[in-house]
Amino acid sequence: MIVLGIETSCDETSVAVLDGEGRVFSNVIASQMQAHAAYGGVVPEIAARAHLENLPTVFEEALDQAGVNVADIALVAPTAGPGLIGALLVGLSAGKALAFARRVPLVGVNHLEGHLFSAHLRTGGQPARPIEYPFHGLVVSGGHAELVRVEDGRIVPIARTRDDAPGEAFDKVARRAGLPYPGGPVVDRIAASGDSSRYALPVGRVRNGSEDFSFSGVKTAMLREFEKRGVDGSPLDADNLPAGLADLFASFQRSVVTALLQRVETVHQREGIRRLALSGGVAANSELRATLSRWGEENGVPVLLPEKTLTTDNAAMIAWAGLLRFRREGAPDLDTIVARSRWPLGTA
Ligand code: KG4
Ligand code: ZN
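Since the structure is predicted, the reported quantities are computational estimates derived from the model, not experimental observations.

Overview of the packing of aromatic side chains
Working step 1: For the structure on display, the rule yields 5 aromatic pairs.
Working step 2: A ring pair is formed by phenylalanine 117 and phenylalanine 135, whose centres lie 5.7 Å apart and whose planes are at 80°; its orientation type is edge-to-face. In this pair, phenylalanine 117 is assigned in the loop between helix 4 (111-116) and strand 6 (135-140) and phenylalanine 135 in strand 6, connecting sequence segments 18 residues apart.
Working step 3: Owing to a relative accessible area of 6%, phenylalanine 117 belongs among the buried residues under this scheme.
Working step 4: Grouped by ring-pair contacts, the aromatic residues Phe117, Tyr133 and Phe135 constitute a single cluster.
Working step 5: Directly above the aromatic system of phenylalanine 100 lies the positively charged group of arginine 103, at a separation of 5.5 Å from the ring centroid.
Working step 6: It is arginine 340 that lies over the ring of tryptophan 343; its NZ or CZ is 3.9 Å from the centre.

Here you go:
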């Protein structure tokens, strides 16, 4: 069975071809980062136009690399939400046209569900790892922080961010320091040479017994530190930073990672985590990967880390999540599938 995944929810145009066991035959990603870099964030209108421009080429290339024809496609799986409406509509409409013309089923995929199951996928021609339920999923990206329990056929939300997403905090802090967009990978690299114990930055906590995340406190603390140092957003060279800044970034990263670890630990104490799957753009962060792996070893909990190429937005994870849903529920009528800017995990 050949599955075609299409991802256009944000600033990556991606098309992937998988087989029924989750083997990734192709996963072509055209990043629009350059187009948005000057604005320090994603501009919705630019994103939609760029998807429209890129999609035909990305589509052709994905089929070519996989060595399949349009006639081989048995299931179409575009992202239907959450994301930028104009951007989503490009991939969803293309998917619908294809499914309609070829008379094959289509499932509209929840982007977060795509991330959630991405740690099970493997590139390099291997089938996906078997999924064992229940597992806990920590999805951390530029738009989301979600901790959920995944049972066979049900996703139970446990915690989410009340304000900034962790990737958003990385991006905003980097931007205010004059570092390039996206900030996550840059800060990750800078932090590696810094002393994270040098500054005691706040670790986000939400009161009233909630496990929800909060990252605006540490972000604000960073902006105050920048002000004190006269860091005003003029371009900085990441390889040649003013004294103390590497330590500051390392302390920031430590605070974000600690906040995530603390929630995982609390939830483990309360309900016992059998296995943990990390995902989303921030799952590329080296300190987060190392910290959660160590936690897993110490607590006897297997921790699944996604391959780095599958952490940021890609259509392989969308095709995979679409296939899992299709196996469970079949496909709805084409005209009932709409693009949704909001679509919380675990809701139909
Ligand atoms: O999942 P993704 O591609 O898009 C969303 O759905 O949001 O995540 C992108 C986010 C950006 O905020 C980026 O800065 C962050 O992931 N990111 C990282 C790293 N690589 C990407 N954050 C921390 N460390 C990294 N190494
Ligand atoms: Zn994403």
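And the narrative resumes.
Quick notes on the site of ligand 1
Working step 1: Close contacts around ligand 1 come from 19 residues, with Gly142, Asp171, Gly184, Asp188 and Asn285 the closest.
Working step 2: Within the side chain of histidine 111, an N or O atom sits 3.4 Å from an oxygen atom of ligand 1.
Working step 3: In this structure, an oxygen atom belonging to ligand 1 sits 3.1 Å away from a main-chain N or O atom of aspartate 313.
Working step 4: When ligand 1 is considered free in solution it has 550 Å² of accessible area, and contact with the protein chains removes 90% of it.
Working step 5: Put simply, the parts of the chain that give the shell around ligand 1 at least two residues each are helix 4, helix 5 (166-176) and helix 6 (183-191).
Working step 6: For the shell around ligand 1, the class distribution of residues is 5 nonpolar, 11 polar and 3 charged.

With respect to the sheet that holds strand 7 (residues 145-151)
Working step 1: Pairing in this open sheet of 5 strands is mixed, and the strands run 8-7-6-9-10 from one edge to the other. Two strands in the sheet have a free side with no partner beyond their single neighbour: strand 8 (154-160) and strand 10 (303-304).
Working step 2: As paired elements, strand 7 and strand 8 share 6 bridges and run antiparallel to each other. Counterpart to glutamate 146 in the pairing with strand 8 is arginine 160.
Working step 3: Against the sheet, helix 8 (residues 245-271) contacts strand 6, strand 7, strand 8 and strand 9 (276-279), and its axis sits at roughly 160° relative to strand 6.

Remarks on the side chain of arginine 263
Working step 1: Structurally, the position occupied by arginine 263 is in helix 8.
Working step 2: There is no salt bridge for the buried arginine 263, and the closest opposite charge comes from glutamate 211, which lies 4.2 Å off by N-O distance.
Working step 3: Polar contacts involving the side chain of arginine 263 include one to the main-chain carbonyl oxygen of glycine 204, which spans 3.0 Å.
Working step 4: Ignoring sequence-local partners within four residues, the contact set of arginine 263 consists of Leu147, Gly204, Arg205, Val206, Glu211, Asp212 and Phe213.

Describing the coordination of the zinc ion (ligand 2)
Working step 1: Ligation of the zinc ion (ligand 2) by protein atoms is provided by His111 (NE2), His115 (NE2) and Asp313 (OD), these donors lying 2.1 Å from the ion.
Working step 2: Coordination geometry of the zinc ion (ligand 2): the 4 donor atoms subtend angles of 93 to 141° at the metal centre, consistent with an arrangement described as irregular.

Describing helix 9 (residues 286-299)
Owing to its 3.6 residues per turn, the α-helix aligns residues three or four sequence positions apart on the same side.
Working step 1: End to end, helix 9 covers 20 Å across 14 residues, agreeing with the expected 20 Å (1.5 Å per residue, within 8%).
Working step 2: Where helix 9 is concerned, the buried positions are Glu287, Leu288, Arg289, Thr291, Leu292, Trp295 and Gly296.
Working step 3: On its buried face, helix 9 is in contact with strand 6, helix 8, strand 9 and strand 10.
Working step 4: The backbone nitrogen of glutamate 287 has a side-chain oxygen 3.1 Å away, supplied by the residue at the start of helix 9, namely asparagine 285.
Working step 5: Looking one or two places after helix 9, you find glycine 300, whose phi comes out positive at around 65°.

Looking at the packing of helix 6 against helix 8
Working step 1: At their nearest, the axes of helix 6 and helix 8 sit 8 Å apart, and the two run at 115° to each other. Classed by the angle they form, the pair helix 6 and helix 8 counts as roughly perpendicular. Seen along the crossing, helix 6 lies across helix 8 with a hand that is left-handed. Where helix 6 abuts helix 8, its residues Val187, Asp188, Ile190 and Ala191 lie against Ala246, Phe249, Ala250, Phe252 and Gln253.
Working step 2: Tallied by class, the residues present in the contact of helix 6 with helix 8 amount to 7 nonpolar, 1 polar and 1 charged.

Focus on the environment of glycine 178
Working step 1: In this fold, glycine 178 is placed in the loop between helix 5 and helix 6.
Working step 2: Judged by relative accessible area, which is 13%, glycine 178 ranks as buried.
Working step 3: Separated by 65 residues in sequence, glycine 178 and glutamate 113 place their C-alpha atoms 33 Å apart.
Working step 4: If near-sequence neighbours (up to four positions away) are discounted, glycine 178 is found in contact with Gly233, Ser234, Pro235 and Leu236.

The rules we used
Residues numbered from 1 in each chain as written. Chains lettered and ligands numbered in written order. Predicted model: local features only at pLDDT ≥ 70, side-chain atom pairs only at ≥ 80, totals over all residues. Heavy atoms only, no water. Phe/Tyr/Trp six-rings, centres within 6.5 Å; stacked < 30°, edge-to-face > 60°. Helix = DSSP H or I, 4+ residues; strand = E, 2+ residues; numbered from the N terminus. Buried < 20%, exposed > 50% of the residue type's maximum accessible area, 1.4 Å probe, protein only. Lys NZ or Arg CZ within 6 Å of the ring centre and 35° of its normal. Near = heavy atom within 4 Å. Polar contact = N/O pair within 3.5 Å; in protein donor to acceptor, adjacent residues only side chain to side chain. Areas by Shrake-Rupley, 256 points an atom, 1.4 Å probe, with all protein chains shown as cover. Nonpolar A, V, L, I, M, F, W, Y, C, P; charged D, E, K, R; others polar. Pairing = 2+ DSSP bridges. Contact = heavy atoms within 4.5 Å. Axes fitted to C-alpha atoms, helices over the stretch in contact; angles between N-to-C directions. Lys, Arg positive; Asp, Glu negative; His and termini not counted. Salt bridge = Lys/Arg side-chain N within 4 Å of Asp/Glu carboxyl O. Donors = N, O, S within 2.8 Å, 3.2 Å for Na, K, Ca; no water. Tetrahedral: all angles 85-135°; square planar, octahedral: opposite > 155°, others 65-115°. Expected span 1.5 Å × (residues − 1). Parallel < 35°, antiparallel > 145°, perpendicular 65-115°, else oblique. Left-handed = near helix turned anticlockwise from the far one by under 90°.

Scope: geometric values only; no functional claims are made or implied.
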